[in-house]
Amino acid sequence: EDDFQFVLCEGCRQESPDLKLLTCLHTLCLSCLSKSKPMGQCPVCQTAILQASGIPDMDNLLFTSLQAKLKVYKKIIDEVDLFCNNCKKAGEFWCSECEDFFCITCFEAHRCYLKRDSHEAKRVMDIRAGSATDFLKGTRGTSNLFCSNPTHKSQTASIYCPTCEKAMCCSCALLDSQHTSFRDIRAESRRRQEELSAMSRELKRNRSGFEAAYAELQDEAARLERAQRETRELIGQRVEQLVRWIRREEEELLGLVEARQEQGRQELARELRRMEGVLRRMEAGERLVEKMNLYGTEQEVMDMQPFIKDSLQELRRLQPAAAGERGQPGDMAECRARLQAL
C-alpha cells in the first residue's frame, strides 16, 4: 500500500534486508550507501557519516521488521502457500508470536499448550478482511523484550536497570548486587517513547524558523538574478553610447558582473543545500518517531531510542542564521561605481 512506502530505502525505493539508519535519520540500504558520491555523506541531505567506512552502525530495526511483517500480510492477501507449518495442511490460522500458520487441528493443540504464554492466533479470513495497518498493529503487542545478558537471551525481560541502561530478566536482577532502584521495563519503554514524541513536537516548532530562513534565501536568490539581469541591461545601454576605444572596459565590467553573480550563486546554493539538508533531517526525524509510535515494538524502542534521541538533540540545537547575520552575495555596487566613473 502507498501508506507503507516509508519502509523502503530512501535512495533506490526498494525493499532491502540491510537498512541502515543515519544520524540525519534518513534510511538507506547498503547498496545505496556504497554507491553514494561523495562517499561518507548521506545522498539525501549530504550530512556527513561519522563512521570511517561510510557505513553507519545502526540498523533500522523498525523498518526491517515492518518489511518482514508486510510480506506475511501480502502472502495472506494473495493466498499463496498458506500451509500449516506443522502438518502442511491448509493454513487457516496465523500466530503472530510463533510467526507460523496452523490448520484447525494444529491450532487447537497450539491454543491448548501455549495458552499460558499469551499466544494469540487469528483466523486468516479475519486478517484478509482487515487492512495492513490493522495487521501491523495487531502484531505490535506480541513481541516480548528479552534479557540483554547473552547467556539469558531466551529469558523474557521485565526489569530495567537505569544504572546499566539495560533490560534484564528476574534472574539477572536477583544476582545484581551492585545496582538497585530497578524499573518496570514496559514503563521504561513508554517513557522513552514519550520522550521521543516530546522531542518530535519541539522539532516541529523549530522547523518553522528553518522554513522561514529557507524562504528568505530563495528570495535572495531571486533578487540576485534580478540584479544581475538589470545590471547587464544597464551596462549594455551605456556601453553602446561610447566609442570603440572603451570596448575593453565593457568587457571588464561584464566579467565583473559574471564573477559577482557566480560568487553569489555559489554562496546561496551552499546555504540552500545546507537548509534543505536540515529540513530533510527534520522531516525524517518526525516521520521516524511517528512510525515508531504507530508500529514500533518495545524491543525496537529500547534498541533504537538512544540513537534517535541523540540525533534529535543535535537537530534541536541547530538554529537558522538571522537575516542580519548573512552577507549580501553578488553585490553589484563595485560594478555600478566603475560604470558611473566611466
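Residues numbered from 1 in each chain as written. Predicted model: local features only at pLDDT ≥ 70, side-chain atom pairs only at ≥ 80, totals over all residues. Heavy atoms only, no water.

An unreviewed UniProt entry lists the protein under the name PML protein, from Corythaeola cristata.

Examining the packing of helix H8 (residues 247-295) against helix H9 (residues 298-317)
Remark: H8 packs on H9, axes separated minimally by 11 Å, with the N-to-C direction vectors making an angle of 155°. One finds that H8 runs roughly antiparallel with respect to H9. Considering how the two elements wind past one another, H8 and H9 form a crossing that is left-handed. Taken together, the residues of H9 that come into contact with H8 (itself represented by Val278, Arg281, Met282, Gly285, Leu288, Val289, Met292 and Tyr295) are Glu300, Val301, Met304, Ile308, Leu312, Glu314 and Leu315. Its residues assigned to classes, the contact of H8 with H9 comprises 11 nonpolar, 1 polar and 3 charged. (Axes fitted to C-alpha atoms, helices over the stretch in contact; angles between N-to-C directions. Helix = DSSP H or I, 4+ residues; strand = E, 2+ residues; numbered from the N terminus. Parallel < 35°, antiparallel > 145°, perpendicular 65-115°, else oblique. Left-handed = near helix turned anticlockwise from the far one by under 90°. Contact = heavy atoms within 4.5 Å. Nonpolar A, V, L, I, M, F, W, Y, C, P; charged D, E, K, R; others polar.)

A few points about unusual backbone geometry
The phi dihedral of Leu25 is positive, around 70°, even though this residue is not glycine. Mapping Leu25 onto the fold places it in the loop between strand S1 (19-21) and strand S2 (27-29). Positioned with a positive phi, Gln46 is a non-glycine residue whose angle comes to about 65°. Among the structural elements, Gln46 can be located in the loop between helix H1 (30-35) and helix H2 (61-78). A relative accessible area of 40% means that Gln46 is categorised as partly exposed. (Buried < 20%, exposed > 50% of the residue type's maximum accessible area, 1.4 Å probe, protein only.)

Considerations on the packing of aromatic side chains
A full pass over the atoms with the stated rule returns 5 aromatic pairs. On the basis of an interplanar angle of 40° and a centroid distance of 5.9 Å, the ring pair of Phe4 and Phe6 is categorised as tilted. Residue classification places Phe4 among the buried residues on the basis of a relative accessible area of 4%. A residue is classified by how much of its surface remains accessible, and Phe6, at 11% relative accessible area, is buried. Between Phe4 and Tyr295, the ring centres sit 5.6 Å apart and the planes meet at 50°, which makes this aromatic pair tilted. Here Phe4, found in the segment before S1, pairs with Tyr295, found in helix H8; they are 291 residues apart in sequence, far enough to count as distant. Judged by relative accessible area, which is 6%, Tyr295 ranks as buried. (Phe/Tyr/Trp six-rings, centres within 6.5 Å; stacked < 30°, edge-to-face > 60°.)

Concerning H2
Taking 1.5 Å as the rise per residue, H2 with 18 residues should run 26 Å; its terminal C-alpha atoms sit 26 Å apart, in good agreement. Within H2, the full set of buried residues consists of Leu62, Phe63, Ser65, Leu66, Gln67, Lys69, Leu70, Tyr73 and Ile76. Of the residues flanking the end of H2, it is Glu79, one or two places downstream, whose phi is positive at about 55°. (Expected span 1.5 Å × (residues − 1).)

Regarding the pattern of salt bridges
According to the stated counting rule, one finds 20 salt bridges in the structure shown. A salt bridge links Arg207 to Glu283, with the shortest nitrogen-to-oxygen separation between them at 3.0 Å. Highlighted residues: Arg207 in helix H7 (residues 185-240) and Glu283 in helix H8, separated in sequence by 76 residues. With relative accessibility at 34%, the residue Glu283 sits in the partly exposed group. Bridged by salt links that share partners, the residues Glu188, Arg191, Arg192, Glu195 and Lys309 form one connected network. (Salt bridge = Lys/Arg side-chain N within 4 Å of Asp/Glu carboxyl O.)

Topic: the sheet that holds strand S6 (residues 159-161)
The strand order S7-S6-S8 describes an open sheet built from 3 strands, whose pairing is antiparallel. At either end of the open sheet lies a strand with only one pairing partner, and these are strand S7 (166-168) and strand S8 (183-184). Pairing analysis gives 3 bridges linking S6 to S7, with the strands arranged antiparallel. Considered in S7, the bridge of Cys161 is made with Lys166. (Pairing = 2+ DSSP bridges.)

Some words on the UniProt feature "domain: RING-type" (unreviewed entry) in the protein
Using the residue numbers shown here, the UniProt feature "domain: RING-type" (unreviewed entry) corresponds to residues 9-46. Counted over residues 9-46, helix gives 16% and strand 16%. Its end C-alpha atoms are 16 Å apart. (UniProt positions renumbered as here; feature names shortened; annotations may be inferred.)

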